[in-house]
Amino acid sequence: NAGVTQTPKFQVLKTGQSMTLQCAQDMNHNSMYWYRQDPGMGLRLIYYSASEGTTDKGEVPNGYNVSRLNKREFSLRLESAAPSQTSVYFCASSEGGGFGYTFGSGTRLTVV
Amino acid sequence: AQSVTQLGSHVSVSEGALVLLRCNYSSSVPPYLFWYVQYPNQGLQLLLKYTTGATLVKGINGFEAEFKKSETSFHLTKPSAHMSDAAEYFCAVSGRVGYGNKLVFGAGTILRVKS
């Protein structure tokens, strides 16, 4: 069982460059999420998709866009990377209700 | 709005000692509550959860947590720490209803286990 797969695992960008973080889940979950993790701040929600065809902003959406390509895939795009976006990014999926999330292994992004 | 406070960003215990990681939440409705563990350079793994029913819930690796509504707490405990328990632990809360079942996380507690 692959669960939630994120690519790439590591990435270094120059300020102003763009990139897309990919996420795919094979558990037939309806909901998918993108979080960023920074030291001492826990995980903060960037965007989420409650179901295929819908996306909504989370706590820290500025500088990001998302696409729910289909039920399996949810991508996160940085159009013009900034050093403040240096972070570890986690994708997660959920059946909803009290089931909690299944997380990917993360993408470590450095913007120089 | 929901929020989570984890008391103590770092906790250090000796091997074999009691582990107690504190979590208090704020929620306007009865919440779902979770503890996750993160080992270095890995994703988050679900330790245990409270949704309904018995307020003392048991999870993996010998951990348990008790939901205390009157104290708005969901502290994580383990009777005897093992070296392999060294990791970062996150408490999280979500509402029972609402769009997208969003989890709100605490800032995390790094557990160090001394030999």
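Okay, so let's go over this structure. (Residues numbered from 1 in each chain as written. Chains lettered and ligands numbered in written order. Predicted model: local features only at pLDDT ≥ 70, side-chain atom pairs only at ≥ 80, totals over all residues. Heavy atoms only, no water.)

## Side note on the state of the cysteines
Counted according to the given criterion, the structure contains two disulfides over all chains. Put simply, C23 of chain A and C91 of chain A are joined by a disulfide, and their sulfur atoms are 1.9 Å apart. Residues C23 of chain A and C91 of chain A share a disulfide whose torsion about the S-S bond is about -75 degrees; that sign makes it left-handed. Taken together, the residues C23 of chain A in strand 3 (residues 19–25) and C91 of chain A in strand 9 (residues 87–94) connect sequence positions 68 residues apart. Paired by a disulfide, C23 of chain B and C91 of chain B hold their sulfur atoms 1.9 Å apart. Here the disulfide of C23 of chain B and C91 of chain B is left-handed, its torsion about the S-S bond being about -65 degrees. Of this pair, C23 of chain B sits in strand 3 (residues 19–26) while C91 of chain B sits in strand 9 (residues 87–95), and the two are 68 residues apart along the sequence. (Disulfide = S-S within 2.5 Å. Helix = DSSP H or I, 4+ residues; strand = E, 2+ residues; numbered from the N terminus.)

## What about unusual backbone geometry?
Comment: phi is negative for the bulk of residues other than glycine, and the bulk of peptide bonds are trans. In the segment running from T7 of chain A into P8 of chain A, the intervening peptide bond is cis, with an omega of -5 degrees. Mapped onto the fold, P8 of chain A is located in the loop between strand 1 (4–7) and strand 2 (10–13). Backbone geometry at N41 of chain B places phi at a positive 60 degrees, although glycine is not the residue there. Within the fold, N41 of chain B resides in the loop between strand 4 (31–38) and strand 5 (44–50). The phi torsion at N61 of chain B lies on the positive side, around 60 degrees, for a residue other than glycine. Looking at where N61 of chain B falls in the secondary structure, it is placed in the loop between strand 6 (56–58) and strand 7 (64–68). Classification of N61 of chain B by relative accessible area gives partly exposed; the value is 41%. (Buried < 20%, exposed > 50% of the residue type's maximum accessible area, 1.4 Å probe, protein only.)

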